Number of protein chains: 2
Amino acid sequence: MRPSQTVSGYLIQRLRRHGVRHVFGVPGDYVLTFFRELEQSRLRVINTCDEQGAGFAADAYARLNGLGAVCITYCVGGLKVANAAAQAYAEKSPVVFISGAPGRNERVKNPLLHHKVRDFDTQMQIFRQLTVASTLLDDPQEACREIDRVLDEALRRKRPVYIELPRDMVGVPAVPRRVRSPAAEPGEADVLREALEEAVEMINAARNPVIVAGVEIHRFGLQDQLLRLIEKTSFPVATTLLGKSLVGESHPNYLGVYWGGMGRPEVRKRVESSDCLILLGAFLTDINLGIFTARLDPGRTLYATSEKVSIRHHSYEGICMEEFLEGLNRSGIRRRARPRIASPARPGRTRPEPGKRVSVRYLFRRLNTFLEENMVVIADPGDALFAAAEMRIRRETEFVSPAYYASLGFAVPASLGVQCANRRLRPLVLVGDGAFQMSGMELSTIARYGLDPSVVVLNNRGYGTERPRLDGPFNDVLEWRYSRIPEVLGAGRGFDVRTEEDLEAALLAARKHTRGFSILDVHLEQDDISDALERLTTSLRKRV
Amino acid sequence: MRPSQTVSGYLIQRLRRHGVRHVFGVPGDYVLTFFRELEQSRLRVINTCDEQGAGFAADAYARLNGLGAVCITYCVGGLKVANAAAQAYAEKSPVVFISGAPGRNERVKNPLLHHKVRDFDTQMQIFRQLTVASTLLDDPQEACREIDRVLDEALRRKRPVYIELPRDMVGVPAVPRRVRSPAAEPGEADVLREALEEAVEMINAARNPVIVAGVEIHRFGLQDQLLRLIEKTSFPVATTLLGKSLVGESHPNYLGVYWGGMGRPEVRKRVESSDCLILLGAFLTDINLGIFTARLDPGRTLYATSEKVSIRHHSYEGICMEEFLEGLNRSGIRRRARPRIASPARPGRTRPEPGKRVSVRYLFRRLNTFLEENMVVIADPGDALFAAAEMRIRRETEFVSPAYYASLGFAVPASLGVQCANRRLRPLVLVGDGAFQMSGMELSTIARYGLDPSVVVLNNRGYGTERPRLDGPFNDVLEWRYSRIPEVLGAGRGFDVRTEEDLEAALLAARKHTRGFSILDVHLEQDDISDALERLTTSLRKRV
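Student: Account for the interface of chain A and chain B, naming residues and giving values.
Tutor: Each partner contributes to the interface: chain A provides 81 residues, whereas chain B provides 81 residues. Summed over both partners, the interface of chain A with chain B comes to about 7100 Å²; 59% of that surface belongs to carbon and sulfur atoms. Among the residues chain A hides against chain B, the three largest losses belong to Arg118, Phe474 and Val488 of chain A. Together they make up 10% of the total. A salt bridge links Glu487 of chain A to Arg484 of chain B; the nearest nitrogen and oxygen atoms lie 3.9 Å apart. Where chain A packs against chain B, one counts 36 residue pairs in polar contact (both at pLDDT 80 or more). Split by residue class, the side of chain A that touches chain B holds 41 nonpolar, 19 polar and 21 charged.

Structure follows, in C-alpha cells:
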C-alpha cells in the first residue's frame, strides 16, 4: 500500500512535501502506531526527554525551516506543549502539533479512558485558543482535505496548527482530494496602487528615511526583497529585537537593533529623528519598543505588516506586506547617498587577564569575537538575550530568541531544532541558570543525536532579571555543577569557568569539540548585569 | 495594614484558613509583587525548577492536605501547568492555580505585552476547560467574594480552580464580603430515605456482599465512615487501583486491589462473584477496570459517587455519597461473619543471591518488605505503578499515583508535595527512566528544601510499557548515569544497582540517609516486566 493511500500516510506525505524532515516528540499509547509509521517514513523522529523540549525544538526548527512538526500523545503529551504552541502563535512560528487520541470506536458511550480530562474534545478546545486552524481527523472522506486546509493555514499565516489523529484512523484508507491552497489573497489592485503612490511620495519628500525591519520579514521569507529595497534606496536599516539578524549585521547600511531606550543611543537617535520611518513587519511589543521607551511618531511613519499597510494615521486594509514591498522595489523611490553609520567599535581582541573573574561585559565582548560564520546564536530570555542584543551576527537568520513571548527554557531545546534544520550551523546557546534548570537536560537528546552546540550557562544563582526589580529568596535557584552534567549523560564536555583565562581555554576547547555538546558553567557575580538590563530594569521599575 | 485588607492579603488569608501552608511555583515579573507578599506571609514558598514540577507537587500536596496551591506567572508559567491542572481535574485533586497577569492599567488599547498569546484572556479561556471555577480579580469590590466562590468550589467539588491576579491588584484595598460557603447541598430527605431502604434490603438479602472503595472516599474524607461500615458489617473490601491504600492494607477485611483481569485472580473472583457489590466513590476508568476486563453486573451493583446513587439499573439524583454512607452506617444492615481472606503470601524475607542481577519481581518483593509505617509509596505511571499495585501498604493514604490520568513524570515532584504536606512521611518514589527524564531534576528542589525521599529509577533504557505492544527506536531513551546526579546537584546520595546484593546495600544506606535524597539506579533487563504489565499488555494488544 502506498503511504499516500492512508490518512496517516497522506499526512506524512504532505509534511514532507512542505519541507519537513524531522518530527519532534514523545510517544504514548494513543500515538504509538503513528510513531511506527513516522519511523518507517522518510521523516526522522527526534525523541525528546519531555514534551516541552519537543515543542521548543520544533518552534526553532520552524523558524529556520519554514515549517516544523511535533508529535505527542493525547492530553498528557498535548497539554505539556500548550506553552510552546502559545509561543509559536505569539511569535509567528508555523508548527504543526499532531496529537494521538482515543479511537473513534473507543469514544462510544463516553467512557473514562486514561489521559482524558473532561470531554474527549478538551484538548482540541484548548488548542483552538493557541492555533490558527485545527482539525480532528475522524472522517476518512474529509481527512485529506482537512490536512491540506490546516497545513495551508500554517504556511499562509505562519502560525501553529493542531491535528488530532484518533488511533484507529492510522492506516485507514483515505480519499486524497487535494484542494489548491488558497493563493495569498491578492489585494485589490486599486488599493495597492493608491497606497504605493502615497508611500513613494512620502518617502521621496523625506529628508532622512530609515527602515526598521521586524520578524515578519523573516517569517514570510522577504529578506531578499528587503535587501533589494536597501540596495535600491541606500536607506539605513535597523531591526527590532525579535527581528535581530534578519539583515546581515555587517551590511554597510545596518544601524543596529532598535529597541527604544534599551538599545544603543545612536541607533535610537537615528530612528527616532527620521522624518519617514518605514516599519516593515515589526511587532510593536513592549520589549521590542524598549518597554515603551520608544518614541515613534505615527505622523511620520509608514507601517506595513502581513495584515495591513498604514501610512501616517490611516490604513489600507487587504493588501499585504509582500506585494507592498515588491511594489516599493518597482517604484520610483529616489536613491540616497550611502548613509554614514558610526558602527560600534569593532569587537577588539580581548586579552584574558590572569586570575580575573569573568564579568558579564567581558563574557559578551569575548563571545562577540568568538562568533564565526557558521554559528547561530540562540539566546534564552533574560540577560542572555539582553546582552546578546548587541552581538554582531555575521549572516542572516543566525540569531534565534523568543524576544516577545519570552518563555524561559527555550534555548537548549531550540538548539536541537536549529541543528536538525541545518546541520551546518553550530549553535552558541546563551542561557541563564534559572532557565537552564527548566529544560536544560534536553542535552540528553542533543547527545543522543550527536549534535554539537556550545552551551554557555550564565550562572548567577538565580533569576537575574528579577533581582534588580524586587528581590527575595524566590529569585534564588540551587547552584548546580553544570559542568558535571556530561558525567550524568555519558556524553559532552563540561567546563567550569571562573576567570577570564578559564573562559578562553573553554571556548577554544568547545570550538574544537565537534563530537558532542560542550557546556560552560560561567560563574558570575550575582549583581553583575548587562548595560541593556540595567536600562531595562530602570524602565520597568517605573512601570509597576 | 492588615493583610486581610488587600485583595492579595485576603487570598493568602483564605488559603491559610483552608489549611494551605505551602505554595509551589516559579516567579516571573507579572507575579513578583505577589511572591513578595507570599514570602512575607505565613505561607511557605516552594520554588521548583520548572512550573511542571510545581503543578505536580501541588497536586500531590492537595491529595494529602485537602487543598494545594500553585503560583506562577502569566502564560509562560500558566500554560506550562495546563497538564498538571488536567490531571488534578481528572483525578479530583483540589489545586488552586494562581497566575499573575498584566495589570488592568496595562491592558488599555490591547498592547502586545510580553507573554501574551492572543488576547488577554487566552489563558483564562484555557483554564476554564481544566477547572471547576475561575476568576479574574480585576474588581476590588468583588474580589473577596470571587476568591471565596472559587475556593469553595475547589473544596466542594475536589477539583482545581483558577485565579488570575493582575499585578496592579496586589496590595489594592479590598472589601471583604465573606459569603457563607454553600453547605453541601442536602439531598431531599425522601429521596435519601427511599434509596437507603432499597439499598439495605438488597444488601441484607445478599449472600456475599463485597465493598469496592474508590478514590472519592479519600478525596471527600470519608475513610472513617468507610471503616465504620466495614466494622459494622464485616464485609470484605477491595479498592480500585486509583483508590489503593485508602483502606489500611493490613485490615483483616481487606481483599486487595480490584482491577479486573489485571489484578490478583482471587480478588477478582471474590468481587465478580458477589451478588451485591457496593461500589463507593469509584471511577470506572479503563485502567481501574483492568482495561475493561472487569466483569461487573449492574444488576447486582449498588453504586454511590459524589454525584449520585445508582441501585441496579436506576439512579437517585441529588443525594451524595457522604449522606448515603452515613445512612448505611445508621441503618439495620446485618453483620456477617468475618470473611476468610486468603491474603497473599506475606512478603517473606528476600535473601540476596551473590552476583545475581536484579529482576522486576525481585525488586518489588524486596521493596515490599522494605516498607515501614512512615513510608509513602509514590508510583509513576508505567510498570512502576503496575508492579506497585500489589505492594502491601501499611497505613491509609500512603500510596499516591495518577492511576487514571497517568501523566508520566509525576512521581519525583509529587514526593516534594507529599513531604511538604507531611514531613513525617518518607517517600519511596518508584519511577521509570523515561518518566524520570521528564521531571526528575526536581531533585534539585528536593535538595534545596532538605527533604529525603528515596527514588528508585527502573532503568530499562526506554518506555517499557510500550515495548511489548509496539517497539521501535522511539521507545528508547538515552541511558543516564542516574546515580551521578548528586554530583551535579551537590546533594543527595546515588547508588548504582545491578545485583541483588547492590540493591540490599543501597536500600539500607538510603534508609539511613535522612539528610537528603537517595537515588537508586536499578538496572533491569529491557524485556523484564511485572506480571501485571504482562497481563495488561496482552489485554491492550487486543484492543488496538
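Here the narrative resumes.
Student: Summarise the packing of aromatic side chains; cite the residues concerned and give the values.
Tutor: The description of an aromatic ring pair uses the distance of the two centres, along with the angle that the planes make with each other. If you walk through the whole model with that rule in mind, you get 22 aromatic pairs over all chains. With a centroid separation of 5.7 Å and an interplanar angle of 55 degrees, the aromatic rings of Phe474 of chain A and Phe35 of chain B are classed as tilted. Residue Phe474 of chain A is located in the loop between strand S17 (454-459) and helix H17 (485-489), and its partner Phe35 of chain B is located in helix H2 (residues 32-40); the two belong to separate chains. For the residue pair Phe474 of chain A and Phe35 of chain B, the accessibility class agrees, reading buried in each case. Aromatic side chains Phe436 of chain B and Trp480 of chain B sit 6.3 Å apart centroid to centroid with 90 degrees between the ring planes, which places their arrangement in the edge-to-face category. Of this pair, Phe436 of chain B sits in helix H15 (residues 433-439) while Trp480 of chain B is found in the loop between strand S17 (454-459) and helix H17 (485-489), placing the two residues 44 residues apart along the sequence. A residue is classified by how much of its surface remains accessible, and Phe436 of chain B, at 1% relative accessible area, is buried. Note on Trp480 of chain B: relative accessible area 1%, which makes it buried. A connected cluster of aromatic rings, assembled from ring pairs, spans Phe97, Phe127 and Tyr162 of chain A. Over the ring of Tyr89 of chain A we find Arg159 of chain A, and its NZ or CZ is 4.2 Å from the ring centre.

Student: Explain the sheet that holds strand S8 (residues 237-239) of chain B to me, using residue names and the numbers behind them.
Tutor: Residue and element names in this part refer to chain B. On the basis of which strands lie adjacent, the open sheet formed by seven strands has the order S9-S8-S7-S10-S11-S12-S13 and mixed pairing. Lying at the two open borders of the sheet, with one neighbouring strand each, are strand S9 (254-257) and strand S13 (314-317). Shown here is a sheet whose adjacent strand axes are inclined to one another by a mean of 15 degrees, direction ignored. Taken together, the three bridges between strand S7 (residues 209-213) and S8 define a ladder with parallel strand orientation. Within the sheet, the bridge partner assigned to Val212 lies in S8 and is Ala238. Where helix H7 (residues 189-205) meets the sheet, it contacts S7, strand S10 (276-280), strand S11 (301-304), strand S12 (308-311) and S13, and its direction lies at approximately 140 degrees from that of S13. Relative to the sheet, helix H9 (residues 223-233) contacts S7, S8 and S10, its axis offset from that of S7 by approximately 165 degrees.

Student: Can you break down the sheet that holds strand S16 (residues 426-432) of chain B residue by residue, with the values?
Tutor: Residue and element names in this part refer to chain B. The strand order across the open sheet built from six strands is S15-S14-S16-S17-S19-S18, with neighbouring strands paired in parallel fashion. Every other strand in the sheet has two partners, leaving strand S15 (399-400) and strand S18 (493-497) as the edge strands with one partner each. Pairing of strand S14 (residues 375-379) with S16 involves five bridges; the strand directions are parallel. Following the sheet pairing, Val377 is matched in S16 by Leu428.

Student: Let's hear about the side chain of Asn460 of chain A: which residues, and what values?
Tutor: Position of Asn460 of chain A among the secondary structure elements: in the loop between S17 and H17. Owing to a relative accessible area of 10%, Asn460 of chain A belongs among the buried residues under this scheme.

Student: Pulling in residues and values, what's your account of the relation of the copies chain A and chain B?
Tutor: Between the two copies, chain A and chain B, the superposition gives an RMSD of 0.0 Å; the rotation angle is 180 degrees and the shift along the axis is 0.0 Å. On the angle and the small slide along the axis, the relation comes out as a two-fold axis. Across chain A, the smallest distance between a C-alpha and the rotation axis is recorded for Ile126 of chain A, namely 2.7 Å. Counting the interface residues of chain A, we find that 100% of their copies in chain B are interface residues as well, pointing to one common contact surface.

Student: Please give an account of the nonpolar core that cites residues and values.
Tutor: Phe436 of chain A together with Phe436 of chain B are the most contacted members of the largest nonpolar core, which totals 378 residues. In this structure Phe436 of chain A touches Val412, Val431, Leu443, Val455, Val457, Trp480, Tyr482, Ile485 and Ile519 of chain A, once residues within four positions along its chain are discounted. Counting residues in hydrophobic clusters, the runner-up holds 13 residues, among them Leu255, Tyr258, Val267 and Val271 of chain A.

Student: Any chance you could break down the environment of Ala491 of chain A for me, citing the residues and the numbers?
Tutor: Residue and element names in this part refer to chain A. Mapped onto the fold, Ala491 is located in the loop between H17 and strand S18 (493-497). Overall, the relative accessible area of 23% leaves Ala491 in the partly exposed class. Sequence-distant contacts of Ala491, defined by excluding residues within four places in its chain, comprise Ala447, Pro486 and Phe517.

Student: Quick rundown of the pairing of strand S10 (residues 276-280) of chain A? Include the residues and the values.
Tutor: All names here are of chain A. Counting buried residues along S10, five of its five residues qualify, which places the element largely inside the surrounding structure. Two elements, strand S7 (residues 209-213) and S10, share five bridges in a ladder whose sense is parallel. Directly across from Val210, in S10, lies its bridge partner Leu277. Pairing of S10 with strand S11 (residues 301-304), which is carried by four bridges, proceeds in the parallel orientation. The residue bridging Leu280 from the neighbouring strand is Ala304, located in S11.

Student: Now, about the environment of His114 of chain B: what can you tell me, with residues and values included?
Tutor: Of note, His114 of chain B is situated in the loop between strand S4 (95-101) and helix H5 (122-130). For His114 of chain B, a relative accessible area of 7% translates into the label buried. Along the sequence, His114 of chain B and Tyr30 of chain B sit 84 residues apart, while their C-alpha atoms lie 9.9 Å from each other. Sequence-distant contacts of His114 of chain B, defined by excluding residues within four places in its chain, comprise Asp286, Ile287 and Tyr404 of chain A together with Asp29 and Tyr30 of chain B.

Student: For the packing of H7 of chain B against helix H11 (residues 321-330) of chain B, give the residues involved together with the corresponding values.
Tutor: Residues and elements named next belong to chain B. The interhelical angle for the contact between H7 and H11, taken along N-to-C directions, is 50 degrees, at an axis separation of 10 Å. By the criterion of interaxial angle, the relationship of H7 to H11 is oblique. You can see that H7 and H11 cross each other, and the crossing is right-handed. On H11, the residues that touch Leu192, Ala195, Leu196, Ala199, Val200 and Ile203 of H7 are Glu323, Phe324, Gly327 and Leu328. When the residues that make up the contact of H7 with H11 are grouped by side-chain class, the tally is eight nonpolar, one polar and one charged.

Student: Explain the confidence of the model for chain A to me, and be specific about the residues and the numbers.
Tutor: When pLDDT is averaged along chain A, the result is 93; 95% of the residues meet or exceed 70. In the predicted complex, the global pTM is 0.96; the interface-specific ipTM is 0.95.

Student: Break down the pairing of S18 of chain A for me, with residues and values.
Tutor: All names here are of chain A. As paired strands, S18 and strand S19 (residues 518-523) are joined by five bridges and run parallel to one another. Across the sheet, the residue bridging to Arg493 is Ser518, located in S19. This β-α-β element, S18 to helix H18 (residues 500-512) to S19, shows right-handed connectivity.

Student: Now, about helix H4 (residues 82-90) of chain A: what can you tell me, with residues and values included?
Tutor: Most of H4 of chain A is tucked away: nine of the nine residues are buried. Within H4 of chain A, the full set of buried residues consists of Ala82, Asn83, Ala84, Ala85, Ala86, Gln87, Ala88, Tyr89 and Ala90 of chain A. Residues of H4 of chain A that are buried in the fold lie against helix H3 (51-65), strand S4 (95-101) and helix H5 (122-128) of chain A together with helix H4 (82-90) of chain B. With its phi angle positive at about 55 degrees, Lys92 of chain A sits one or two positions after the end of H4 of chain A.

Student: Now, about unusual backbone geometry: what can you tell me, with residues and values included?
Tutor: All names here are of chain A. We note that Ser234 has phi near 65 degrees; this positive angle belongs to a residue other than glycine. The topology assignment puts Ser234 in the loop between helix H9 (223-233) and strand S8 (237-239). Residue Ala406 is not a glycine yet carries a positive backbone phi of 60 degrees. Counting through the fold element by element, Ala406 comes out in the loop between strand S15 (399-400) and helix H14 (411-421).

Student: Which residues make up the pattern of salt bridges, and what values go with them?
Tutor: Note that side chains of opposite charge can pair when their charged atoms are close. Residues and elements named next belong to chain A. Scanning all chains against the criterion turns up 70 salt bridges over all chains. Between Arg264 and Glu390 there is a salt bridge whose closest N-O contact spans 3.5 Å. One end of the pair, Arg264, is in the loop between strand S9 (254-257) and helix H10 (265-272); the other, Glu390, is in the loop between helix H13 (383-388) and S15, and 126 residues separate them in sequence. Taking relative accessible area as the criterion, Arg264 reaches 15% and is therefore assigned buried.

Here is what the cut-offs are and how they apply
- Residues numbered from 1 in each chain as written.
- Chains lettered and ligands numbered in written order.
- Predicted model: local features only at pLDDT ≥ 70, side-chain atom pairs only at ≥ 80, totals over all residues.
- Heavy atoms only, no water.
- Contact = heavy atoms within 4.5 Å.
- Buried area = accessible area lost by both parts, 1.4 Å probe.
- Salt bridge = Lys/Arg side-chain N within 4 Å of Asp/Glu carboxyl O.
- Polar contact = N/O pair within 3.5 Å; in protein donor to acceptor, adjacent residues only side chain to side chain.
- Nonpolar A, V, L, I, M, F, W, Y, C, P; charged D, E, K, R; others polar.
- Phe/Tyr/Trp six-rings, centres within 6.5 Å; stacked < 30°, edge-to-face > 60°.
- Helix = DSSP H or I, 4+ residues; strand = E, 2+ residues; numbered from the N terminus.
- Buried < 20%, exposed > 50% of the residue type's maximum accessible area, 1.4 Å probe, protein only.
- Lys NZ or Arg CZ within 6 Å of the ring centre and 35° of its normal.
- Pairing = 2+ DSSP bridges.
- Axes fitted to C-alpha atoms, helices over the stretch in contact; angles between N-to-C directions.
- Least-squares fit on C-alpha atoms with pLDDT ≥ 70 in both.
- Core = buried A, V, L, I, M, F, W, Y, C linked by side-chain atoms within 4.5 Å.
- Parallel < 35°, antiparallel > 145°, perpendicular 65-115°, else oblique.
- Left-handed = near helix turned anticlockwise from the far one by under 90°.
- pLDDT = per-residue confidence, 0-100.
- Right-handed = clockwise from strand over helix to strand, strands pointing away.

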